[in-house]
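Summary of structural features
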Amino acid sequence: MTNKEIAQRFAELADLLEFKDENAFKVRSYRRVARVLEDLSEDVAELAEKGTLEDLPGVGEATAKKIAEYLETGRIRRLEEAREGVPEGIAEVLGIQGVGPKKAAMLFKELGIGSVDELEEAAREHRLRDLPGMGEKTEQNILRGIRIARSGTERMRLDVALDAAAMVIDHLEGKQGLVSRITPAGSLRRRRETIGDVDLLAVGDDPAAIIDEFTSGPYVADVLLAGETKASVVVEGDPHPQVDLRVVDADEFGSALQYFTGSQAHNINLRGLAKKRGMKISEYGLFEGDDRIASAEEEDIYRALDMALIPPELREDQGEIEAALDGSLPDLVEPDDIRGDFHVHSDWSDGRNTIEEIAEAARERGLRFVAITDHSRSLTVANGLTEERVREQIEQIERVNRSLSDLQVLAGSEVDIRSDGSLDLPDDLLAELDVVIAAIHTGFKQPRRQITDRLVAAAEHPHVDIIAHPSGRLIGRRDPYDLDVPELIRACARTGTALEINANPERLDLTDGYCRMARAQGVRLAIGSDAHGVEALRLIDLGVAVARRGWLEKDDVLNTRPEPQLPKRQAGEA
Ligand SMILES: [Zn+2]
Ligand SMILES: [Zn+2]
């Protein structure tokens, strides 16, 4: 029995009593007991045994009895009484940021709100704002609190944020002469793997008109705030992303963009550097005394500090300022450098499109090669291919290739790494394929040693070209498996195996920091869209974003070659 557990009971008791508008003195005293127990360094059960509970601040005879009761029976009768007559959903309502017991009680009394669903409906219908002590702002805060509680996180996936930003930018740019510039800032511009709120920065002659258009766009689900030069809306989508727009003066666009792009750590470092040179930096510009020496373009600011423009993806205070100062910033890979995709599923396994459709879509995207990497036989849930079907598919791909002149379809496999580290298809068949990517899809819970051995064994296999989605994580849904990533990177360096950057926005894995580690050891990265439908081929740009955050240059990324130059196969051919 932990102190925390008992503390929670007392906190709940205080909430319930407050909700019921019972004795305020008791509410305060139970809340105090909860805090005391929470911070207590000794075991409350030991104190009870010694009979010294009442020595604790705020604990009197009656409270000591309740603690003893809980220690003996696991219940507190007073708490169970307090729960009576309170709708079950109220506990959840009390868990929403911005809703305390008093507010919950008022909402229940005035509007009969007894659950989060009812609360959301009332807020959306603007029925909360007219209640005493509440307003538009409270209503919006409550909606935001609900969103956070539902998604379990304040952050959204990168693709969701990008789509929300594009929707708003398209709308505003579609209005003649409204905005002269508009761009994402913040973590979205830095392409972090998850985003809090979408930050946009705009310039235009009539800020009020921009704010007006922004807050009345067809995408708006809710307007949280509409000021003179700043507004926040919640847009349609799942989860509903929050988009903040700020309108700035044209001659302060650069300094504002620099400031609002962050990261905070990067900006602190930059500010320190400016200070050392007797300069000051803010969202309004770079100043020497009262003289503004740079502000219109971001580049001007960095140049005035003797450095090249630092790409937003690098602005995490990971040595980029030092690199910019000594002229050693990497020449980052660009989306336009991409010539191929190493990871696509067709309707032969769990994809939705035929090989011909994939080839056509890849050609339209300007690719020179695309690898069909369907699942292997043991992944029956994904309609994995048996040996015979892999052989049939190789023939089919040969036929498709005969009809194409400017695109090469590669016969590949996303072969399953079985729990003992062996592969799911025989060696002679793997040797016949153009590209083999190996991945773990089962046994995620294995201990670290076992998982690491499995992946290292796959890397050591002579026919495995790429280890796909190395950590197995699904952002917000599944933690990475317990893998010694540095050991896998060393194995890849030793064997010439590439590591994948899986561009699926739920994966984005290998992650940026490890990309940098891999690069330092000469390991090549291969980006795979892992598309299960042709519309997802475009997601490869998200993989490029991870590569850029990982300081990768064009040469580090195998997709930038017009032909798939896989290190192991080349070594074999040489
Ligand atoms: Zn996979
Ligand atoms: Zn896949």
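Conventions used here
Along each chain, the written sequence defines residue order, and numbers are assigned to residues from 1. For this description, chains carry letters from A and ligands carry numbers from 1, given in the order in which they are written. Local features in this predicted model are restricted to residues whose pLDDT is 70 or higher, and side-chain atom pairs enter the listing and the counts only when it is 80 or higher, whereas totals over whole chains, interfaces and linings include all residues. No hydrogens and no water enter the side-chain calculation; it runs on all heavy atoms of the structure. The start and end points of each domain follow an automatic or database-based domain assignment. Note on contacts: a residue pair qualifies if any of its non-hydrogen atoms lie within 4.5 Å across the two residues. As used here, buried area is the combined drop in accessible area, with a 1.4 Å probe, of two parts when they are placed together. In the sections that follow, a salt bridge refers to a side-chain nitrogen of Lys or Arg positioned within 4 Å of a carboxyl oxygen of Asp or Glu. Whenever a nitrogen or oxygen atom comes within 3.5 Å of another N or O atom, the pair is scored as a polar contact, on the condition that within protein one atom can donate a hydrogen and the other can accept it, and that pairs from neighbouring residues in sequence are kept only if both atoms are in side chains. For this classification, the nonpolar set comprises Ala, Val, Leu, Ile, Met, Phe, Trp, Tyr, Cys and Pro, the charged set comprises Asp, Glu, Lys and Arg, and every other residue, Gly included, is treated as polar. A run of H or I in DSSP becomes a helix once it reaches four residues, and a run of E becomes a strand once it reaches two; helices and strands are each numbered from the N terminus. The buried label goes to any residue with under 20% of its type's maximum accessible area, the exposed label to any with over 50%, and the partly exposed label to all in between, with areas taken from a 1.4 Å probe on protein chains only.

**Description of the domain arrangement of the chain**
- Here the domain parsing of the chain yields domain 1 (3–151), domain 2 (156–247), domain 3 (252–325) and domain 4 (335–573).
- Taking the mean C-alpha position of each, domain 3 and domain 4 sit 39 Å from one another.
- In this complex, domain 3 contributes 8 residues to the contact, which on the side of domain 4 involves 5 residues.
- Both sides of the domain 3 and domain 4 interface together cover about 560 Å² of buried area, and 53% of this is carbon and sulfur.
- When residues of domain 3 are sorted by the area they lose upon contact with domain 4, Glu313, Leu314 and Gln318 head the list and together hold 72% of the total.
- The interface formed by domain 3 and domain 4 contains 2 salt bridges.
- Glu313 is the salt-bridge partner of Arg548, the closest N and O atoms lying 2.7 Å from each other.
- Counting across the interface, domain 3 meets domain 4 through 3 residue pairs in polar contact (both at pLDDT 80 or more).
- For the side of domain 3 that touches domain 4, the residue count by class is 3 nonpolar, 2 polar and 3 charged.

**Section: the pattern of salt bridges**
- Counted according to the given criterion, the structure contains 45 salt bridges.
- Two residues, Glu213 and Lys175, come together in a salt bridge whose shortest N-O distance is 3.9 Å. Of the two residues, Glu213 sits in helix 12 (residues 207–215) while Lys175 sits in the loop between helix 10 (158–173) and strand 2 (181–184), which places them 38 residues apart along the sequence.
- For Glu213, a relative accessible area of 22% translates into the label partly exposed.
- Put simply, Arg507 and Asp530 hold a salt bridge, and the shortest N to O gap is 3.9 Å.

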